[in-house]
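Single-letter residue listing:
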Amino acid sequence: MEFKAIQIAQLIEGRIEGDENAVVNSFAKIEEGKPGAISFLSNPKYTHYIYDTESSVVLVDESVQLEKPVKATLIRVKNAYESVAKLLQIYASMLPKKTGIDPLAFVSPSAKVGKNTWVGPFAYVGDNVVIGDNCQVNPHVTIYHDCRIGNNVILHSGSVIGADGFGFAPTPDGYDKIPQLGIVTIEDNVEIGANTCIDRSTMGSTYVRKGVKLDNLVQIAHNTDIGENTVMSAQVGVAGSTKVGQWCMFGGQVGIAGHITIGNKVLLGAQSGVPSSLKDNQTLIGTPPMEKLPFFKSQAIFQRLPELYKQIQALQKEVESLKKQINNQ
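All of the points below concern the structure found in this document. (Residues numbered from 1 in each chain as written. Predicted model: local features only at pLDDT ≥ 70, side-chain atom pairs only at ≥ 80, totals over all residues. Heavy atoms only, no water.)

A few points about the overall build of the protein chain
When its secondary structure is counted, the protein chain shows 4 helices and 37 strands. Here the protein chain has a C-alpha radius of gyration of 27 Å; the compact-globule value for 329 residues is 20 Å, and the former is much larger. Taking the principal axes of the C-alpha coordinates as reference, the protein chain spans close to 95 × 65 × 30 Å. Residues counted as buried form 38% of the 329 residues belonging to the protein chain. (Helix = DSSP H or I, 4+ residues; strand = E, 2+ residues; numbered from the N terminus. Rg over C-alpha atoms; globule rule 2.2 N^0.38 Å. Buried < 20%, exposed > 50% of the residue type's maximum accessible area, 1.4 Å probe, protein only.)

Below is the structure:
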């Protein structure tokens, strides 16, 4: 598929600088540009690439000031990153879409699969599972019995929906397994990354609400409730019976304790550890989490602890010496 710069500008409400008839048929990073490709510039660190890129068209923010002429045709927009995302979505929607059940997949006769849904090779769909319309169940996905998948859901390879929650009762002889009799409910417009696991509840359901996006290698434990439009980066772990609010954002390797509540619009920096409940509208980092400025100040002090410890030892010796002098008078 080929598009002219003028057509692209109309789609994203952009302003052209250069040849409005420049033709593109692919996407490329600005540093790897090639003729016929469209690139974008949103990070100032990459500005120097725009002068030499071979891409035919580059999307740039209106605010970008260039120091010398460029070869590429520019399309100026309010937000280049958002504009290229829109173009990628349009491009993806024009590609042929797979539907149906691959002959190498297993779908239980008692499962229900919606319209325009694709179940890839070696995927497993268990008894009484319900999958909505326009879903992608990629290769090697496993959906255990009775789980519910909404519409427009993407499950990437290796994800496991509905494995048993981690429930064991300690006894003098070891650990007795607590049967996990619930299900997993994934609502509409959710995307689950590769090798992410969402455990079934002990009773009732584990919930992943509308619009949630989970990266690869995320662990969602039993009886949790992940609020609408929350996003989590790779290696986040949420322990059991925790409720996460709407529009939260968790960086990589965030760990959430069990049986707590995370408010709406809580942003947690990478590797934060959360031992207790958090209120709405906070941006936090660290373990336990704190606001950014106090956290970085604390880290600066922490790095000086060996030096400060030596100073304290020296002061203690001076104090002891002064005490002896006073006592000897």
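Here the narrative resumes, following the displayed structure.
Comments concerning the nonpolar core
Ile143, Ile186, Phe250 and Ile262 are the most contacted members of the largest nonpolar core, which has 42 residues in total. Elements with a minimum of two residues in this core: strand 21 (183-186) and strand 34 (266-268). Beyond its immediate chain neighbours, meaning those up to four positions away, isoleucine 262 contacts Lys243, Val244, Gly245, Cys248, Phe250, Ile256, Val274 and Leu278. Ile8, Ile75, Val77 and Ala80 belong to the second-largest nonpolar core, a separate cluster that totals 14 residues. (Core = buried A, V, L, I, M, F, W, Y, C linked by side-chain atoms within 4.5 Å. Contact = heavy atoms within 4.5 Å.)

Quick word on the pairing of strand 18 (residues 160-163)
As defined by bridge partners, strand 15 (residues 142-143) adjoins strand 18 across 2 bridges and the pair is classed as parallel. Paired with isoleucine 143 across the two strands is isoleucine 161, which belongs to strand 18. The pairing of strand 18 with strand 23 (residues 197-199) spans 3 bridges and is parallel. Across the sheet, residue valine 160 finds its bridge partner in strand 23, namely cysteine 197. (Pairing = 2+ DSSP bridges.)

Here's the deal with the pairing of strand 20 (residues 174-177)
In the sheet, strand 19 (residues 168-171) pairs with strand 20 via 4 bridges, with the strands oriented antiparallel. Directly across from threonine 171, in strand 20, lies its bridge partner glycine 174. Hairpin remark: strand 19 followed by strand 20, antiparallel, with 2 residues in the connecting loop.

Considerations on the sheet that holds strand 27 (residues 225-226)
With respect to topology, 8 strands assemble into an open sheet ordered 10-13-16-21-24-27-30-33, the strand pairing being parallel. Both edges of this open sheet fall to strand 10 (112-113) and strand 33 (261-262), since each of them pairs with a single strand only. Summarising the sheet, strand 16 (residues 148-149) and strand 21 pair through 2 bridges and their orientation is parallel. Of the residues in strand 21, the one forming a bridge with arginine 148 is threonine 185.

Here's the deal with the sheet that holds strand 2 (residues 15-17)
Strands pair in a sheet through their backbones, by hydrogen bonds, and they do so in one of two ways: parallel or antiparallel. Pairing is mixed across the open sheet formed by 5 strands, whose spatial order is 2-7-6-5-4. This sheet does not close on itself; its edge strands, each paired only once, are strand 2 and strand 4 (26-27). Where strand 5 (residues 37-41) meets strand 6 (residues 57-61), 4 bridges bridge the pair, whose relative direction is parallel. Looking across to strand 6, one finds that leucine 41 is bridged to valine 60. Across the sheet, helix 1 (residues 5-12) is in contact with strand 2, strand 5, strand 6 and strand 7 (73-77); its angle to strand 7 comes to roughly 5°. Across the sheet, helix 2 (residues 80-94) touches strand 4, strand 5, strand 6 and strand 7, and the angle it forms with strand 6 is around 135°. (Axes fitted to C-alpha atoms, helices over the stretch in contact; angles between N-to-C directions.)

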